[in-house]
Amino acid sequence: MKKIPLFLVLTLLTVFLSNGFAREPIELPSNISSAKLQGSGRLTWFGLHVYDAAFYRVGSLSSPDFALNLRYQKSFSGASIANRSAEEMKRIGVPEAQAVLWGKELTTFLPNVESGQTLTAIYSPKQGTTFYHDGKQIAQVPGAEFSKAFFGIWLDPKTSAPKLRTELLGQSCPPPIFSEAC
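Here the structure is a predicted model, which is why all the values come from computation and not from measurement.

## As for the overall build of the protein chain
What the protein chain contains, in helices and strands, is 4 helices and 7 strands. Element order for the protein chain, N to C, with α for helix and β for strand: β-β-β-β-α-α-β-β-β-α-α. Buried residues in the protein chain amount to 54% of all 182 residues. Within the protein chain, counting contacts between residues at least 6 apart in sequence, those at least 24 apart form 61% of the total. Of the accessible surface of the protein chain, which amounts to about 8,600 Å², a share of 55% is contributed by carbon and sulfur atoms.

Written out as structure tokens, the structure is:
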């Protein structure tokens, strides 16, 4: 059993500095292999490099399909990633009871990650969110509401990581699921 880390993933970012970085391409699942990098950034927490994030869009920048890839630089338990995700969902306005339920669901499939490993989440309106660990599918969660809350951790205007959000979106608008005027 892995020990629980001192700081949690998706550590989303309570107090951190985000820096740009050159992003190496990742191998995306075949259903979105045509995706193009829209933006990337680095999450640091108290000066520690937590993960590199990259945001991909399928087809045009107005396409509703997209992917978020996180390459971890620290080890985290799946439970800590799930718990932090639920906390960040609450922070952007998801009702506590719903965020807790989604956090419990995430706990059932998010794996422990080691430095250098990736978690990728892909959104498609027809399928919801599909999760991959180092390129292997681990789960699929249907529905736009979960997807909006999960990806909102990084892309919602109320994210705790506004600089990372800006880096991920680049000069483009958020995906249509966020219904945000640009």
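## Concerning the pattern of salt bridges
Using the criterion set out here, one finds 4 salt bridges in the structure. With a shortest N-O distance of 2.9 Å, lysine 90 and glutamate 87 are connected by a salt bridge. Residue lysine 90 and its partner glutamate 87 are both found in helix 1 (residues 78-91); the two are separated by 3 residues, about one turn of the helix. Given the relative accessible area of 24%, lysine 90 is considered partly exposed. For glutamate 87, a relative accessible area of 40% puts it in the partly exposed group. Salt-bridge contacts for lysine 90 lead to glutamate 96; the nearest nitrogen and oxygen are separated by 3.8 Å. The exposure class of glutamate 96 is exposed, given its relative accessible area of 53%. Among the ionic contacts, a cluster of salt bridges with common partners joins Glu87, Lys90 and Glu96.

## Description of the packing of aromatic side chains
In the structure shown here, the tally under the stated rule is 13 aromatic pairs. Seen in terms of ring centroids, tyrosine 51 and tyrosine 72 are 5.6 Å apart; in terms of plane orientation they differ by 65°. Their pairing is edge-to-face. Of this pair, tyrosine 51 sits in strand 3 (residues 48-57) while tyrosine 72 sits in strand 4 (residues 66-72); the two residues are 21 residues apart in sequence, bridging distant segments of the chain. Three or more aromatic residues joined by ring pairs make a cluster, and in this case those are Phe55, Phe66, Trp102, Phe109, Tyr123, Phe131, Phe146, Phe150, Phe151 and Trp154.

## Points about the environment of lysine 136
With respect to the element layout, lysine 136 can be found in strand 7 (residues 136-141). The class for lysine 136 is exposed, based on a relative accessible area of 62%. The sequence separation of lysine 136 and leucine 119 amounts to 17 residues, and the corresponding C-alpha distance is 9.4 Å.

## Some remarks on the confidence of the model for the protein chain
Predicted coordinates in areas of low pLDDT are best not read in detail. With 80% of its residues at a pLDDT of 70 or more, the protein chain shows a mean pLDDT of 84. Averaged pLDDT values for the elements of the protein chain fall to 30 in strand 1 (residues 16-19) and rise to 98 in helix 2 (residues 96-107).

Reading guide: rules and limits
Residues numbered from 1 in each chain as written. Predicted model: local features only at pLDDT ≥ 70, side-chain atom pairs only at ≥ 80, totals over all residues. Heavy atoms only, no water. Helix = DSSP H or I, 4+ residues; strand = E, 2+ residues; numbered from the N terminus. Buried < 20%, exposed > 50% of the residue type's maximum accessible area, 1.4 Å probe, protein only. Contact = heavy atoms within 4.5 Å. Areas by Shrake-Rupley, 256 points an atom, 1.4 Å probe, with all protein chains shown as cover. Salt bridge = Lys/Arg side-chain N within 4 Å of Asp/Glu carboxyl O. Phe/Tyr/Trp six-rings, centres within 6.5 Å; stacked < 30°, edge-to-face > 60°. pLDDT = per-residue confidence, 0-100.

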